[in-house]
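Below, each chain spelled out in residue letters.
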Amino acid sequence: MHETVLQTVAVTAALATGALMLGRWLRMPTLLFFMLLGLVAGPSVLGIIHPESLGNLLLPFIELAVAIIIFEAALALPFRTWKHAPTAIRRILAFTLPLTGLGAFLAARYIAGFSIQTAALFGSLIVVTGPTVIGPLLKSLSLAPRIESLLRWESIWADCIGVVASGVVLEFVLAPRASGFTIPLLFIGKAAVGLSIGAAGGLLLGKILLPAASRTGDQGLPGIVALSSAVGLFFLSNTIISNSGVLSVAVAGLVTSLFPCRELDNVRHFKDQITTLVVAFLFVLLSAQIDTDRILHGSWPLVAVALTIAFIVRPAAVFIGLRGTGMGWRDKLYIGLVGPRGIISAGVASYFAIVLADRGVGVQDMHLLVFITIFVTGAAATILGKPLASVLGVAGRGASMGIVIAGGGQLAIAIARATGDAVRTLVVDRNPIKVTDAIEAGIDGREGDILSDAFLEELIDEGYRRIVIMTPNSALNALVAHKAARHFGADRTFLVSSAGTGQSLEDTIPRIRTIRLGTTIKLAEAGIESGDIGIEWIETAEAPAKFDEKTVPFAWQMPRDKGVHLAAPGGRASRSLCVVQKRSGDMQ
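Residues numbered from 1 in each chain as written. Predicted model: local features only at pLDDT ≥ 70, side-chain atom pairs only at ≥ 80, totals over all residues. Heavy atoms only, no water.

1. Notes on the packing of helix α5 (residues 116–125) against helix α16 (residues 363–392)
Between two packed helices, the angle of one axis relative to the other and the distance separating the axes together describe the packing.
Step number 1: With their axes 10 Å apart at the nearest point, α5 and α16 run at an angle of 30 degrees to one another. By the angle between their directions, the pair α5 and α16 is classed as roughly parallel. Considering how the two elements wind past one another, α5 and α16 form a crossing that is right-handed. Mapping the contact onto sequence places Thr-118, Leu-121, Phe-122 and Leu-125 in α5 and Met-366, Leu-369, Val-370 and Thr-373 in α16.
Step number 2: The residue makeup of the contact of α5 with α16, split by class, is six nonpolar, two polar and no charged. (Axes fitted to C-alpha atoms, helices over the stretch in contact; angles between N-to-C directions. Helix = DSSP H or I, 4+ residues; strand = E, 2+ residues; numbered from the N terminus. Parallel < 35°, antiparallel > 145°, perpendicular 65-115°, else oblique. Left-handed = near helix turned anticlockwise from the far one by under 90°. Contact = heavy atoms within 4.5 Å. Nonpolar A, V, L, I, M, F, W, Y, C, P; charged D, E, K, R; others polar.)

Right, dumping it as structure tokens:
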């Protein structure tokens, strides 16, 4: 028995890691790889993974995994993204979720023939999308900020609502004679406890525990404190009232993220690694529970339900829920068709399958249906995500992607001012004075560590997909360029350098883009302040004769193009943004 448990854990971990590497290599969401490897390795095919060997350990592992996943997602959620679509976010949670649950209930009841109890359980837990599938999907695409924000917020808070609602339904399945009037009371009670425990825990963690851990000088300690606190809050909330823990850790993560703690980056990085491993491990393990014979024989009604949810119920619920939000039909159709279900649905379904195994509720069919729905919606999102965004015109085109200027100063302010009307531009610097100068000049500015992985990921989550590196420190620029290329992509990383420099980085970072000024950044800063150098748009008809060491192209626009392209102009440029030396003199 001991050897079987060890084999299950070891093989699951190995397959999970392999699926992660395969997904990264192919630049695809890893959801489908987890499920396929789990199915093949499970008892019904190869028999090298035996989830049942874990016995009573499986339930608490699922619960702890859910707590870690939701806390990490809430901690990493950029609160600023709420402003991109506040009304739509509220309406998708208030209207689209219950409509999706109702549609899923009806489909399970009348297509698959589920009992009312089983169909209600299915409808309550299948409403969730999940940050573990939406996050990788959004990283592989470039969507309009309003769509990204909506999908990201839905993925976290829909999970909380779905888990709490499914917990209420579970209690009525276990005690069917309970009064119907207690349903809203139970939901309100679970929500109130979760919100209260989460808010108090987030305040304690962000204001006292993390700062205290930071003062020890041990960079790994804040991550450990945060992880153990999330698990403790989850347990405490669930002890007070069942199924409230997931909401408490979500609120705690969000509240903690609002505190200015310099160790939060280390916490996010630490928890991101833990979460990635936990999600991969759990998905492979739970997928191994599925009996492939049941999929191949007699599962067509279940497949029909999954297809109905993916292509009828979800899109219809989105269109109804988002009425009056200002989002166009193309946005709604994309959001409706791209709604993959993830590990929270799988975990809760497996939890129900274990708890209700001996109660004759027909939960095994529901368990299988959840995984089929996860596979169908995940496949649809993976296959349709990118081409559908292009066809519907909701993809963020290269010229319209937000720009981060890493390095404040007058040159950065002048460039941001010139590009700001055509594309979102943000000036970032660790020096608060330079950030204040940008804000006072009417430019979006933010203080932050441009060498922080979490900070760069936060900027990407907010829709900034290109970065221009132009600090006066060439060594720092090289470090930022290496790190930014991993997050933004080398072809979206632009290094500003003086003439004759930057070649070594081009050799070590393939496809990185270099913008050579013809002078140093420090001299350009001084020239901007003295008036010797200016930032000007030059029409194409005048540009070819003007480009030289004193008129250096920085960006360009195409005819009728609302965005901005960076680096040297292409053949179809209508005008170019240039750094122009206005007065004669040696600026080298």
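Now that the structure has been shown, the text picks up again.
2. A few points about the pairing of strand β4 (residues 464–469)
Successive side chains on a regular strand alternate, one facing one side of the sheet and the next facing the other.
Step number 1: Counted residue by residue, β4 has six buried out of six residues, so it is predominantly covered.
Step number 2: Relative to β4, strand β1 (residues 402–406) runs parallel, the two sharing five bridges. What sits directly across from Gly-402, in β4, is Tyr-464.
Step number 3: A crossover links β4 with its parallel partner strand β5 (residues 493–497), the connecting element being helix α20 (residues 474–488), and its sense is right-handed. (Buried < 20%, exposed > 50% of the residue type's maximum accessible area, 1.4 Å probe, protein only. Pairing = 2+ DSSP bridges. Right-handed = clockwise from strand over helix to strand, strands pointing away.)

3. Some words on α5
Step number 1: For α5, a buried count of seven out of 10 residues is recorded, marking the element as mostly surrounded by other parts of the structure.
Step number 2: Looking at α5, one finds that the buried residues are Thr-118, Ala-119, Leu-121, Phe-122, Gly-123, Ser-124 and Leu-125.

4. Focus: the sheet that holds β1
Step number 1: Read from one edge of the open sheet, six strands run β3-β2-β1-β4-β5-β6, paired in parallel fashion. Both edges of this open sheet fall to β3 (444–447) and β6 (513–516), since each of them pairs with a single strand only. Direction aside, the axes of adjacent strands within the sheet are offset by 25 degrees on average.
Step number 2: Its contacts with the sheet put helix α17 (residues 410–419) on β1 and β2 (425–429), and the angle it makes with β2 is roughly 165 degrees.

5. Some words on the packing of helix α15 (residues 343–355) against α16
Step number 1: Put simply, α15 and α16 touch, their axes get as near as 9 Å, and they point 170 degrees apart. By the criterion of interaxial angle, the relationship of α15 to α16 is roughly antiparallel. Residues Ser-345, Ala-346, Ala-349, Ser-350, Phe-352 and Ala-353 of α15 pack against Val-363, Gln-364, Met-366, His-367, Val-370, Phe-371 and Ile-374 of α16.
Step number 2: Among the residues forming the contact of α15 with α16, the class breakdown is nine nonpolar, four polar and no charged.

6. Here's the deal with the packing of aromatic side chains
How two aromatic rings sit relative to each other is given by the distance of their centres and the angle of their planes.
Step number 1: Per the stated rule, a full pass over the model turns up two aromatic pairs.
Step number 2: Ring centres 6.1 Å apart and planes at 25 degrees place the aromatic pair Phe-34 and Phe-283 in the stacked group. One end of the pair, Phe-34, is in helix α2 (residues 31–41); the other, Phe-283, is in helix α11 (residues 264–287), and 249 residues separate them in sequence. Each member of the pair, Phe-34 together with Phe-283, is buried.
Step number 3: Ring geometry for Phe-61 and Phe-281: centres 5.6 Å apart, planes at 75 degrees, overall edge-to-face. Of this pair, Phe-61 sits in helix α3 (residues 58–76) while Phe-281 is found in helix α11, placing the two residues 220 residues apart along the sequence.
Step number 4: Judged by its relative accessible area of 12%, Phe-281 falls in the buried class.
Step number 5: Over the ring of Tyr-464 we find Arg-424; its NZ or CZ atom is 4.3 Å from the centre of that ring.
Step number 6: The residue whose ring lies beneath Arg-575 is Trp-537, and the NZ or CZ to ring-centre distance is 4.1 Å. (Phe/Tyr/Trp six-rings, centres within 6.5 Å; stacked < 30°, edge-to-face > 60°. Lys NZ or Arg CZ within 6 Å of the ring centre and 35° of its normal.)

7. Brief notes about the side chain of Ser-237
Step number 1: Among the secondary structure elements, Ser-237 is positioned in helix α9 (residues 221–240).
Step number 2: Judged by relative accessible area, which is 0%, Ser-237 ranks as buried.
Step number 3: When near neighbours in sequence (up to four residues on either side) are disregarded, Ser-237 contacts Val-193, Gly-194, Ile-197, Ser-244, Gly-245 and Ser-248.

8. Considerations on the sheet that holds strand β7 (residues 533–539)
Step number 1: An order of β7-β10-β8-β9 is seen for the four strands of this open sheet, with the pairing classed as antiparallel. A strand with exactly one partner marks an edge of an open sheet, and here the two such strands are β7 and β9 (565–566).
Step number 2: Bridge count for β7 against strand β10 (residues 575–581) is seven bridges, and the pairing is antiparallel. From the neighbouring strand, Trp-537 faces β10, where its bridge partner is Leu-577.
Step number 3: α17 rests against β7, β8 (551–557) and β10 of the sheet, and its axis sits at about 25 degrees to β7.

9. Describing the nonpolar core
Step number 1: Core analysis: the largest hydrophobic core is formed by 120 residues, its most contacted members being Phe-122, Trp-157 and Tyr-334.
Step number 2: Ranked by residues supplied to this core, first place goes to α16 with 13 residues.
Step number 3: Those residues in contact with Tyr-334 that sit more than four places away from it in its chain are Leu-141, Leu-143, Ile-147, Gly-385, Leu-388, Ala-389, Leu-392 and Val-394.
Step number 4: The next biggest cluster of nonpolar side chains, apart from the first, holds 30 residues, and it includes Ala-414, Val-423, Ile-535 and Phe-554. (Core = buried A, V, L, I, M, F, W, Y, C linked by side-chain atoms within 4.5 Å.)

10. A few points about a nonpolar patch on the surface
Step number 1: On the surface, a nonpolar cluster with roughly 600 Å² of combined accessible area is contributed by Phe-95, Leu-99, Leu-102, Leu-106, Tyr-110 and Ile-320.
Step number 2: For the nonpolar patch, the element with the most residues is helix α4 (residues 86–110), which contributes five residues.
Step number 3: Inspection of the secondary structure assignment puts Leu-106 in helix α4. (Patch = residues over 30% accessible without salt bridge, like charges linked within 9 Å, V, L, I, M, F, W, Y side chains within 5 Å. Areas by Shrake-Rupley, 256 points an atom, 1.4 Å probe, with all protein chains shown as cover. Salt bridge = Lys/Arg side-chain N within 4 Å of Asp/Glu carboxyl O.)

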